[in-house]
Protein chains: 2
Amino acid sequence: MRKTFLFMDTVTNKVDAKGRVSLPADYRAIVKDTGSEIVCYRSLSAPCIEGCLEDLLDKLATDMENSLDFFSQEQDDISNLVFGDAKRYPFDSTGRIMLSDKLLKHAQIKDSAVFVGKGRKFQIWNPENWAKEEARIRAEVLKKRPSLKAQGGKE
Amino acid sequence: MRKTFLFMDTVTNKVDAKGRVSLPADYRAIVKDTGSEIVCYRSLSAPCIEGCLEDLLDKLATDMENSLDFFSQEQDDISNLVFGDAKRYPFDSTGRIMLSDKLLKHAQIKDSAVFVGKGRKFQIWNPENWAKEEARIRAEVLKKRPSLKAQGGKE
DNA sequence: TATTTTCCCATGATATACCATATTTATAAT
DNA sequence: ATTATAAATATGGTATATCATGGGAAAATA
């Protein structure tokens, strides 16, 4: 059993007519090693799909459960947005998951999807949207840290 | 055997003339895997039905039992409302439960029911009421976490 | 006996498991 | 470095199992 895991890298895979996509092999290895499951939901902050291990959400659920606000309104609200949208996405023997229409629509994905590692989480983007988002992020970071510009070669 | 158990997703099922509803398959899998039972009761805070595993209520009872507020009026009141109202809802071989009139009436459910995952709990709503509630929650959460709005994609 | 409740079967729709081929990546040999 | 060979991955297609749901028979209740 591995000690650490991180969703990394950026890989583009095809989405077929039924909504099936190959989960990147590295991601599958993480699922296998941790014995957990992939869970996906619509990002609250961007037009993309977000994914993580069920373990992560389970931790969240446990925290809420123990916070003694068992019947509090705010807890209800937060847990709704997360758990009401999330769903398990197990992959078949060939390594594919089947994304729901709801998710595909939210991320404007049709026949191609970009998996972007985010450490404990990952995101799935429409390729064009991701290109823009990546540019946005780079610009943002350079604005805040002009020193980086000097070092920076091109990719 | 799975490590984690979470009620997730939002699914709409029909309620037939006899009051039968299919419990979402994922929920049934949880019941099966844990060997526990589904327990439902009228939500204290909203016009909906609330459900969870009997295990969870047992944990709640234990927590109350051990808490310093064991003799507080408030705790007494809450536990009265919950335990006095809760009841087991086993599902048949086709995966359906039969909700009581009391519950259906409280949630204003007639021929369609929305199951909303809440992590360790779930709720069952009348579709129209749920639509309103979801809108309310989104507005509420965005108000409290403006950062989400700022980054925001559309939708 | 009338009414309700609990099972069980039937069916269309959908998701899942599986097989086959293509493509890519890694490994070894020259 | 180049080519050959092998392994792993991605993807298309199809069969199979599962699910939601309608209907009805048997059992229980009043």
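Scroll up a little and you will see the structure.
Criteria and cut-off values
Residues numbered from 1 in each chain as written. Chains lettered and ligands numbered in written order. Predicted model: local features only at pLDDT ≥ 70, side-chain atom pairs only at ≥ 80, totals over all residues. Heavy atoms only, no water. Pairing = 2+ DSSP bridges. Helix = DSSP H or I, 4+ residues; strand = E, 2+ residues; numbered from the N terminus. 1 Å grid on protein atoms, 1.4 Å probe; cavity = no way out; pocket = protein on both sides within 12 Å on 5 of 7 lines; lining within 4 Å. Points joined across faces, edges and corners; volume = space filled by probe spheres on them. Nonpolar A, V, L, I, M, F, W, Y, C, P; charged D, E, K, R; others polar. Buried < 20%, exposed > 50% of the residue type's maximum accessible area, 1.4 Å probe, protein only. Contact = heavy atoms within 4.5 Å.

## Comments concerning the sheet that holds strand β7 (residues 112-118) of chain A
Residues and elements named next belong to chain A.
And step 1. On the basis of which strands lie adjacent, the open sheet formed by 6 strands has the order β1-β7-β8-β4-β3-β5 and antiparallel pairing. Each having just a single partner strand, β1 (10-14) and β5 (87-88) make up the two edges of the open sheet.
And step 2. As judged from the 4 bridges shared by strand β4 (residues 49-53) and strand β8 (residues 121-125), these two strands associate in the antiparallel manner. Bridge pairing in β8 links Ile 49 to Ile 124.

## Some thoughts on empty space enclosed by the protein
If a probe the size of a water molecule is rolled over the atoms, the empty space left behind becomes visible.
And step 1. Enumeration over the complete set of coordinates arrives at 2 cavities of 30 Å³ or more.
And step 2. In this model, the largest cavity occupies a volume close to 120 Å³.
And step 3. Lining the largest cavity are 11 residues, with Met 64 and Gln 75 of chain A together with Lys 118, Arg 120 and Lys 121 of chain B sitting closest to its centre.
And step 4. Split into classes, the residues belonging to the lining of the largest cavity amount to 4 nonpolar, 2 polar and 5 charged.

## Some thoughts on the environment of Asp 9 of chain A
All names here are of chain A.
And step 1. Here Asp 9 lies in the segment before β1.
And step 2. According to the relative accessible area criterion, Asp 9 is exposed, its value standing at 53%.
And step 3. Along the chain, Asp 9 and Arg 96 lie 87 residues apart, while their C-alpha atoms are 18 Å from each other.
And step 4. Residues in contact with Asp 9, not counting those within four places in the same chain, are Tyr 27, Phe 115, Val 116 and Gly 117.

Interpretation in functional terms is not warranted from these geometric data alone.
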